[in-house]
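Each chain, letter by letter, is given below.
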Amino acid sequence: MARQPPPPSVHAAILLCLLSLSGAIEIPMDLSQPPTITKQSVKDHIVDPRDNILIECEAKGNPAPSFHWTRNSRFFNIAKDPRVSMRRKSGTLVIDFRSGGRPEEYEGEYQCFARNKFGTALSNRIRLQVSKSPLWPKENLDPVVVQEGAPLTLQCNPPPGLPSPVIFWMSSSMEPITQDKRVSQGHNGDLYFSNVMLQDMQTDYSCNARFHFTHTIQQKNAFTLKVLTNNPYNDSSLRNHPDMYSARGVAERTPSFMYPQGTASSQMVLRGTDLLLECIASGVPTPDIAWYKKGGDLPSDKAKFENFNKALRITNVSEEDSGEYFCLASNKMGSIRHTISVRVKAAPYWLDEPKNLILAPGEDGRLVCRANGNPKPTVQWMVNGEPLQSAPPNPNREVAGDTIIFRDTQISSRAVYQCNTSNEHGYLLANAFVSVLDVPPRMLSPRNQLIRVILYNRTRLDCPFFGSPIPTLRWFKNGQGSNLDGGNYHVYENGSLEIKMIRKEDQGIYTCVATNILGKAENQVRLEVKDPTRIYRMPEDQVAKRGTTVQLECRVKHDPSLKLTVSWLKDDEPLYVGNRMKKEDDSLTIFGVAERDQGSYTCVASTELDQDLAKAYLTVLGRPDRPRDLELTDLAERSVRLTWIPGDDNNSPITDYVVQFEEDQFQPGVWHDHSKFPGSVNSAILQLSPYVNYQFRVIAINEVGSSHPSLPSERYRTSGAPPESNPADVKGEGTRKNNMEITWTPMNATSAFGPNLRYIVKWRRRETRETWNNATVWGSRYVVGQTPVYVPYEIRVQAENDFGKGPEPDTVIGYSGEDLPSAPRRFRVRQPNLETINLEWDHPEHPNGILIGYTLKYVAFNGTKLGKQIVENFSPNQTKFTMQRADPVSRYRFTLSARTQVGSGEAVTEESPAPPNEAYTNNQADIATQGWFIGLMCAIALLVLILLIVCFIKRSRGGKYPVREKKDVPLGPEDPKEEDGSFDYSDEDNKPLQGSQTSLDGTIKQQESDDSLVDYGEGGEGQFNEDGSFIGQYTVKKDKEETEGNESSEATSPVNAIYSLA
């Protein structure tokens, strides 16, 4: 958080204002005055030949000046050349080539003359040149033959263009030539090799020239290098080797200078331009360059190093930059030094430039023209464009070297004087007129202006005026008091009143009065004092993580009569408030902070009179920038040193570096993590595997996240070796019941160790201990066919490359394919009570593979009704299951099968035992709702009614009737005793028959008799007599049945039971 001083533009405005206060007074344009040049072309005017030529010259004066030109110091007659014209009310020349013509015909030195009746003003001498981009001369270049390690210079010699072209080197296929401290381009355009290496043959070298005006590039025929070497194998891994040169058989040499040559040279530079010193040295290893100044230090504020320290540039040279400079070239074999003596010369520059002189008749004055340079420039005076010596004599004028003195000037003294100061490096030309006027004072600004100012500020009240003689000016406040000058007030030459610090009491009306011998003039200015704008709650510096929300406060107090505007700057540029930002009167909120939001935020509170600034810095914790400039050194057979330059940590310290590698044989383009290092290091030894063409990159990590990966390093290939390991995850599994598929995880690039990686696969039956079968495989699987179902095999997989075999592999047990298992054995269903059912079983006799579980399916049933089928899956070790019954009546049907990976095998089915009274329950549930059963019950009811009637009749008549013969099966103890084969009816006839059982629904079930109504009612033989007794063959039939044996079933018809009562 900081309150900011006024911006630089405010300081600049104050400085210009103060300069204008001390400047010369301008003559109003409605008064007569000599010409003044206001605009002109530069001295060295280079034009594009494709465009029309424009040479500018504009001037003011009263009366308006007329113009004419000279070319090469001779009058240039514009009227005689149809291509040349002059702009209206201007002296600017236009040369038109639309109808033809050659621009080169108009090259030369031009000068413009602006004239009216009071004098003549001159422009600079303008040298017109047409831009040139000549073609490169055609030449056939033979291959350049050079010994490896020797220095080499490829000369460019570009065509002399105007202006000079920009030089750069590329290959003939327009690929830029990589430059470094060993290979670089000199200031003269030549390409220097401090020492040539074999890889320099991999491209050709073409010098290119780019011309500014035509925007064209010309290419020289390419140089081709032929490097003679003692080691023709170009191993890229040796490029950064610390002993690269000795490894390639290149002799090491002490440095020597390629440019400039020798031990000393000199250089001249003009004041105000840039000094460029250059030293390019050869040597093996490549030398390093350092710069020094004899007897002092290099000017740190103006000096900078270029071209890999081979060039020293000093900007805006002055005389104190002259002296002796030396460059030191050194390598491990030694060092040499070259001394450059620098002399600073100077074209003329102004010490006191002549200014317009305004005098009243009879006044004295002087024109001063002082300049300096090296060598000392000469001064020549002219009047109205003519040498002063050849001008008419003027007794009121005296020339004293660089000064012209005027005494008792008269109207006839009006003229324009030129001062030309020159030396061998250039010239300066200045116009200054002498005007003799007799004018009373006049005010040049509007009357009764309102000036509003801020309390405690420095303020200037302007009162522009003119008069000749020059009037004197005085200021008064509120129409009274003495002249305001001194103390808190200061009056400048041009009439402005400065109030050094405004107070509340300074508010009021100020009057300026200009007076000369011809009269006086006055003007008034009303001054209002306003309170300053102040930020009383400033934004504070903040540190935020990416994605969070930040609020910057800015609360302002200002004069209520002024309109307040609050705006924001970011990094001193206007802030664009996008959809992630919210600007309010007293704050700025940033949502979802990103790395690009980091920077300084300035709150600008401004009114039409003043402003206040407050700045805060927002630090965004972001992911680090990518590391750069990866370099491989200390190259060994199984290791290498990787060095990198860390990127910006973006305000969150780097905690780790992850080094990744990529190889171009097994998985090109795929990056793998190699190792991880602390964030405090930027160099590490990496352990490498044989026969891998490595390329590395580095990722930086901080608390916020990971950087983008660095650009990859150059490649480094290690030598090969036999494998030191075998593939992992060796398995043998059947994909069908008669095969076994052997698989493994293929070895990657870092474990292959050599070319043509392959695998020797061996297998044999485990039980038989037969000889090993083998096959060589290039992939990661092998299928053994015609195998028995699920038998164990011993398996071995060994890696092999062109350098040899890997170690003896471990033996792994695999199995051939599986099949469906047989049914589970001894499936038992037990029901210990009405609530639970227990199931037990044994494993299948033939699992035919690895059991993966059991599947139990069961369904409840009750007669013909079936419930919903339920499926249970059990682990292969489970052989018991207890089920809770849903009800005590239903039975269950269970189906159990075993499973392998192939599927479910043969199933076994069992049912749960029947619960007690199941028959009755089933009949009651199933029969009672049937239509036929309802009809039968109705018939039985009718027969019972008939029986009751018969019983009633017999009861009323009495008597005994033989019912049946005595049977072998005795009656129950409660029956009436049988004496003579007859049965007496009694009041107990309604009791159930003994020997029968009563069902749950009240029906009688007879156990012995087989009689039915068919036997007695439908034979046609039985009939009722008159008294209603039944006469038939009952006894005979019964005897017959007893003779045939008792073949009746347990199920007795209810009708028989009824008839047994008769």
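Draft legend 1. Fine view of the overall build of the chain. When its secondary structure is counted, the chain shows 8 helices and 86 strands. Burial status across the chain gives 42% buried among its 1062 residues. Pairs at least 24 residues apart make up 65% of the contacts formed inside the chain by residues separated by at least 6 positions. Carbon and sulfur atoms make up 50% of the accessible area of the chain, which totals about 57000 Å².

Draft legend 2. Fine view of the pairing of strand β10 (residues 108–116). β10 sits mainly inside the fold: 7 of its 9 residues count as buried. The pairing of strand β6 (residues 66–71) with β10 spans 6 bridges and is classified as antiparallel. Along β10, the bridge assignment pairs T70 with Q111. Examined bridge by bridge, β10 and strand β12 (residues 126–130) share 3 bridges and lie antiparallel to one another. Bridge pairing in β12 links G108 to L128. Summarising the sheet, β10 and strand β11 (residues 119–122) pair through 4 bridges and their orientation is antiparallel.

Draft legend 3. Focus on the side chain of S171. You can see S171 is positioned in the loop between β15 (166–170) and β16 (183–185). S171 has contacts with I177, T203, D204 and Q219, leaving out every residue within four places of it along the chain.

Draft legend 4. Representation of the packing of aromatic side chains in the model. In total, this model carries 19 aromatic pairs according to the counting rule given. Between Y694 and F696, the ring centres sit 5.3 Å apart and the planes meet at 5°, which makes this aromatic pair stacked. Each member of the pair, Y694 together with F696, is buried. For the ring pair Y858 and Y892, a centre distance of 6.5 Å and an interplane angle of 65° mean the geometry is edge-to-face. Placement of the pair is Y858 in strand β75 (residues 853–862) and Y892 in strand β79 (residues 891–899), with a sequence separation of 34 residues.

Draft legend 5. Broad picture of the pattern of salt bridges. Summed over all chains, the structure comprises 51 salt bridges. Linking E595 and R546 is a salt bridge whose minimum nitrogen-to-oxygen distance equals 3.2 Å. A residue pair is termed long-range when its members are at least 10 positions apart, and E595 in the loop between β55 (587–590) and β56 (599–606) and R546 in the loop between β49 (542–545) and β50 (550–553) qualify at 49 residues. Relative accessible area serves as the criterion here: at 37%, R546 is assigned to the partly exposed category.

Draft legend 6. Spotlight on the nonpolar core. Core analysis: the biggest nonpolar cluster contains 31 residues, and I53, I55, W69, L93, Y106, Y110 and F466 have the highest contact counts within it. Contributing elements (two or more residues each) for this core: β4 (53–55), β5 (57–62), β6, β9 (93–95), β10 and β12. Dropping the residues within four chain positions of it, I55 is found in contact with S41, H45, W69, G91, T92, L93, Y110, I126 and L128.

Draft legend 7. Local environment of the environment of Y716. The topology assignment puts Y716 in strand β64 (residues 716–717). Here the alpha-carbon distance between Y716 and Y691, two residues 25 residues apart in the chain, equals 9.9 Å. There is a polar contact of 2.5 Å between the side chain of Y716 and the backbone oxygen of A636.

Draft legend 8. Molecular detail of the sheet that holds strand β63 (residues 693–701). Taken in spatial order, the 4 strands line up as β61-β60-β63-β64 in an open sheet, and their pairing is antiparallel. This sheet does not close on itself; its edge strands, each paired only once, are β61 (672–678) and β64. Alignment of β63 against β64, held across 2 bridges, turns out to be antiparallel. Bridge assignment links N693 to a residue of β64, and that residue is R717.

Draft legend 9. The state of the cysteines, seen in detail. Going through the model one piece at a time under the given rule, you end up with 6 disulfides. The side chain of C156 participates in a disulfide bridge whose partner is C207; the two sulfur atoms lie 1.9 Å from each other. Looking down the S-S bond of the C156 and C207 bridge, the torsion is -70°, so its handedness is left-handed. Pair noted here: C156 is in the loop between β14 (152–154) and β15 and C207 is in strand β18 (residues 206–211), with a separation of 51 residues, a long-range link. Taking the relative accessible area as the measure of exposure, C156 reaches 0% and is therefore buried. Classification of C207 by relative accessible area gives buried; the value is 0%.

Draft legend 10. Geometry of the sheet that holds strand β58 (residues 628–633). What the 3 strands build is an open sheet, ordered β58-β59-β62; its pairing is antiparallel. Among the strands making up the open sheet, the edge pair consists of β58 and β62 (683–687). Within this sheet the neighbouring strands show an average axis-to-axis angle of 25°, counted without direction. Pairing geometry for strand β59 (residues 639–645) and β62, over 5 bridges, is antiparallel. If you follow V640 over to β62, its bridge partner there is L686.

Conventions and cut-offs
Residues numbered from 1 in each chain as written. Predicted model: local features only at pLDDT ≥ 70, side-chain atom pairs only at ≥ 80, totals over all residues. Heavy atoms only, no water. Helix = DSSP H or I, 4+ residues; strand = E, 2+ residues; numbered from the N terminus. Buried < 20%, exposed > 50% of the residue type's maximum accessible area, 1.4 Å probe, protein only. Contact = heavy atoms within 4.5 Å. Areas by Shrake-Rupley, 256 points an atom, 1.4 Å probe, with all protein chains shown as cover. Pairing = 2+ DSSP bridges. Phe/Tyr/Trp six-rings, centres within 6.5 Å; stacked < 30°, edge-to-face > 60°. Salt bridge = Lys/Arg side-chain N within 4 Å of Asp/Glu carboxyl O. Core = buried A, V, L, I, M, F, W, Y, C linked by side-chain atoms within 4.5 Å. Polar contact = N/O pair within 3.5 Å; in protein donor to acceptor, adjacent residues only side chain to side chain. Disulfide = S-S within 2.5 Å. Axes fitted to C-alpha atoms, helices over the stretch in contact; angles between N-to-C directions.

The values reported here are purely geometric and, on their own, carry no functional implication.
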